[in-house]
Amino acid sequence: MRADALRPPPALDWGAARAYDPAHMATFRILLTPGDGIGPEVLEESLKVLSRIEKRFGHEFQYEEELIGGASIDRHGVALRGEVIDKAKASAAVLFGAVGGPKWDDPKAAVRPEDAILGMRKQLGLFANLRPVKIHPALLDESTLKPEVLSGVDLIVIRELTGGLYFGRPQKRWETARGRQGVDTLRYSEKEVERVCHVAFQLARQRKKRVTSVDKANVLRTGQLWREIATEVGKQYPDVTLEHILVDACAMYLVRRPASFDVIVTENMFGDILTDEAAMLAGSMGMMPSASLGKRRKDGTGIGLYEPIHGSAPDITGQKKANPLAMILSAAMMLRLSLGLEAEAAAVEAAVDSVIKEGYRTPDIGGASSHVVDTVKMGSLVAERV
Ligand code: NAD
Ligand code: IPM
Ligand code: MN
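What you see is a predicted model, and the numbers here were worked out from it, not measured in a lab.

(A) Structural detail: the pattern of salt bridges. In the structure shown here, the tally under the stated rule is 20 salt bridges. Taking the shortest distance from any N to any O, the salt bridge between Lys-87 and Glu-66 comes out at 2.6 Å. Remark: Glu-66 occurs in the loop between strand 2 (60–65) and helix 2 (69–76) and Lys-87 occurs in helix 3 (residues 82–89); sequence separation between them is 21 residues. Residue Glu-142 is joined to Arg-361 by a salt bridge in which the shortest nitrogen-to-oxygen separation is 3.9 Å. One end of the pair, Glu-142, is in the loop between strand 4 (128–134) and helix 5 (147–150); the other, Arg-361, is in the loop between helix 11 (342–357) and helix 12 (375–385), with 219 residues separating them in the sequence. Each member of the salt-bridge network shares a partner with another, and the members are Glu-64, Glu-66, Arg-81, Glu-83 and Lys-87.

(B) Region of the structure containing the pairing of strand 6 (residues 168–176). Here strand 6 runs beside strand 7 (residues 179–185); their pairing, made up of six bridges, is antiparallel. Bridging from a neighbouring strand, Arg-173 pairs with Gly-182 of strand 7. Counting the residues in the hairpin turn of strand 6 and strand 7 gives two residues.

(C) Layout of the packing of aromatic side chains. Within the structure shown, the criterion is met by four aromatic pairs. Arranged with centres 6.1 Å apart and planes meeting at 40 degrees, the rings of Phe-28 and Phe-61 form a pair that is tilted. Taken together, the residues span a long stretch of sequence, with Phe-28 in strand 1 (residues 27–35) and Phe-61 in strand 2 at a distance of 33 residues. With centroids separated by 5.5 Å and ring planes inclined at 75 degrees, the aromatic side chains of Tyr-188 and Trp-226 adopt a geometry described as edge-to-face. Separated by 38 residues along the polypeptide, Tyr-188 in the loop between strand 7 and helix 6 (190–205) and Trp-226 in helix 7 (residues 221–235) bring together distant segments of the chain. One exposure class covers both Tyr-188 and Trp-226, and it is buried. Put simply, the rings of Phe-28, Phe-61 and Tyr-63 pair up and form one aromatic cluster. Here the basic side chain of Lys-172 rests over the ring of Trp-174, its NZ or CZ set 5.0 Å away from the ring centre. Residue placement shows Arg-257 over the ring face of Tyr-253; its charged tip is 4.0 Å from the ring centre.

Here is what the cut-offs are and how they apply
Residues numbered from 1 in each chain as written. Chains lettered and ligands numbered in written order. Predicted model: local features only at pLDDT ≥ 70, side-chain atom pairs only at ≥ 80, totals over all residues. Heavy atoms only, no water. Salt bridge = Lys/Arg side-chain N within 4 Å of Asp/Glu carboxyl O. Helix = DSSP H or I, 4+ residues; strand = E, 2+ residues; numbered from the N terminus. Pairing = 2+ DSSP bridges. Phe/Tyr/Trp six-rings, centres within 6.5 Å; stacked < 30°, edge-to-face > 60°. Buried < 20%, exposed > 50% of the residue type's maximum accessible area, 1.4 Å probe, protein only. Lys NZ or Arg CZ within 6 Å of the ring centre and 35° of its normal.

Here it is in structure tokens:
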């Protein structure tokens, strides 16, 4: 990832978190929520890397760890406790593994592990989810797509994270004489669309100055609202080019001409789907980090939550097959965006780059490589290179 690609835009200057503990400029409180499945496995590897950062740069990361998701349901009966939110608010950042798994998948269950991540995002006001996609040249052949299509891909999706179908009410299921029914509500307010569009334009200013706003304005009222507001916000950034694309076409263009995108901004559910698709440009879900940012506290600092975009991967849990790089790169985003530690973030990204360049691969990006390593070895290789 290019070092300057993800500096926080002015409206999202998370470097302010550095002032969180003015007496100890190099001490940062970080909340760890490993979660379920491969969540704890990959989080562990990111801690190895952060430990090297502490030593090399003379910082101190103070960790607290909390159960969330299925693990919290088993212990406390709920996926996310109020205390965990309080601790998140008192921390400079949250490092989040993943939640969910077949054990808690009963569609009739009153509580679900996923409530943890949704609750964190909503209660912490994390409305902008940054999901960068950059292709490592050495991984061009690992993708299912042709190398010539992938060459030059360097895009970032800004996914709206606290509105839309995920949170609109009513949201329920019920029974009628004519059978079962369900409803979800796709609702957006002007403010919700506006603020996330500002993030996109400000980020674009630091990149290739192109924003693609993705909607379904040909069918949905919320899509028309989205397009109208994106256009209005765009007028405030005359130096940035704005294009509008319908979401179905965007899904197609993402595999046809992915290198043409710079910043994509879209609503919650479209962003969820498009970024799993975009993960395959990078070769694997295991390569996709993310940062969730939002409102600032009254003192000017902001909370950031950092997590890979992948889930708990029940199919490979406990087999040491998980790729920890998405989690490690999420920790790098935390260093840059929440702690204001640019050189440290760049050091982690450079370490990841060199491990890949040297040919080391977890099975998901393994292809024909003779250097296939497990989760723990991959974490150690990166840590050693910091
Ligand atoms: P998933 O992302 O867990 O897995 C999809 C596929 O990608 C699987 O084949 C998995 O093995 C592979 N994969 C994912 N991460 C990988 C990694 N780091 N290294 C190598 N391979 C990796 O999605 P799913 O299977 O649809 O969902 C499983 C559970 O995770 C569900 O309960 C879902 O709700 C949850 N989930 C949680 C989050 C989160 O906590 N933020 C995100 C997505 C899904
Ligand atoms: C993601 C995940 C979550 C989402 C789930 C686990 C609630 O898929 O972070 O992409 O849909 O937002
Ligand atoms: Mn998802």
